[in-house]
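Fold and geometry: a report
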Amino acid sequence: MATLKDVAARRPIAATIRLIVPAGGARPAPPVGPALGQYRLNLMAFCKDFNARTQKYSPDTPMAVTITAYKDNTFEFIVKSPSVSWFLKKAAGLELGSERPGHVVASSLTLRHVYEIAKIKQTDVSCKHLSIEAICKSIIGTARSMGIEIVKDL
């Protein structure tokens, strides 16, 4: 149970904002500007911090960011790695998955691709508690739902 000191130290949260922004491409224009502006958050501070944290990724990489806005007009944000479907499409060289997954195979990937994606996703906050095997099984399920076949060797 939280102590009185813990409760007093918490700042009241105004909103939790979830956005998908290209790596290194945060600008005060839409979608970032209107989303943060309505809570009177410092747009330029967010853009500079986000771009600094995501500079190691290529510019077209869509990064999921969760921004916690507090009532005193301050904020914190967590940058997550790109989605599994984006990694799978990039590895398979596809624009879209199969129109009929399970019937039509759009492409094939090896278990090595799955393992590499799982290693990247394991650094994510939401996947830290999962084993590499569990993450691989989840990635294989996502690939199957996109019509991508997973094979041992090509």
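Quick notes on the rules
Residues numbered from 1 in each chain as written. Predicted model: local features only at pLDDT ≥ 70, side-chain atom pairs only at ≥ 80, totals over all residues. Heavy atoms only, no water. UniProt positions renumbered as here; feature names shortened; annotations may be inferred. Pairing = 2+ DSSP bridges. Helix = DSSP H or I, 4+ residues; strand = E, 2+ residues; numbered from the N terminus. Axes fitted to C-alpha atoms, helices over the stretch in contact; angles between N-to-C directions. Buried < 20%, exposed > 50% of the residue type's maximum accessible area, 1.4 Å probe, protein only. Polar contact = N/O pair within 3.5 Å; in protein donor to acceptor, adjacent residues only side chain to side chain. Contact = heavy atoms within 4.5 Å. Disulfide = S-S within 2.5 Å. Phe/Tyr/Trp six-rings, centres within 6.5 Å; stacked < 30°, edge-to-face > 60°. Lys NZ or Arg CZ within 6 Å of the ring centre and 35° of its normal.

- Going by the annotation in an unreviewed UniProt entry, the name recorded for the chain is Large ribosomal subunit protein uL11m, with Zingiber officinale given as the source organism.
- As stated in UniProt under Sequence similarities (unreviewed entry), the record for the chain gives "Belongs to the universal ribosomal protein uL11 family."

1. What about the sheet that holds strand β1 (residues 13-22)?
- The three strands lie next to each other as β1-β2-β3, forming an open sheet whose pairing is antiparallel. Looking along the sheet, the strands with just one partner apiece sit at the ends: β1 and β3 (75-80). Neighbour to neighbour, the strand axes of the sheet diverge by 20° on average, direction disregarded.
- Relative to β3, strand β2 (residues 62-70) is paired through six bridges, and the arrangement is antiparallel. Paired with A64 across the strands is K80, a residue of β3.

2. Some points on the side chain of S81
- Checked against the element boundaries, S81 lands in the loop between β3 and α4 (84-92).
- Of the residues examined, S81 reaches a relative accessible area of 8% and is grouped as buried.
- A polar contact of 3.2 Å, which involves the side chain of S81, links it to the side chain of K121.
- Among the polar contacts made by the side chain of S81, one reaches the side chain of D124 at a distance of 3.2 Å.
- Dropping the residues within four chain positions of it, S81 is found in contact with M63, I120, K121 and D124.

3. Structural notes on the state of the cysteines
- Taken as a whole, this structure holds zero disulfides when the rule is applied.
- Note on C136: no disulfide assigned, nearest cysteine sulfur contributed by C127 at a separation of 11 Å.
- Residue classification places C136 among the buried residues on the basis of a relative accessible area of 15%.

4. Thoughts on the packing of aromatic side chains
- Following the criterion strictly, the structure yields five aromatic pairs and no others.
- Aromatic side chains F46 and F75 sit 6.2 Å apart centroid to centroid with 70° between the ring planes, which places their arrangement in the edge-to-face category. In this pair, F46 is assigned in helix α3 (residues 43-53) and F75 in strand β3, connecting sequence segments 29 residues apart.
- Relative to F87, the ring of W86 has its centre 5.5 Å away and its plane inclined at 70°; by these criteria the two rings are edge-to-face.
- On the basis of relative accessible area, W86 is assigned to the buried category, the value being 19%.
- Residue classification places F87 among the buried positions, given a relative accessible area of 12%.
- Among the aromatic residues, those joined into a ring-pair cluster are F46, F50, F75 and F77.
- Taking NZ or CZ as reference, R11 lies 3.9 Å from the ring centre of Y70, over its face.

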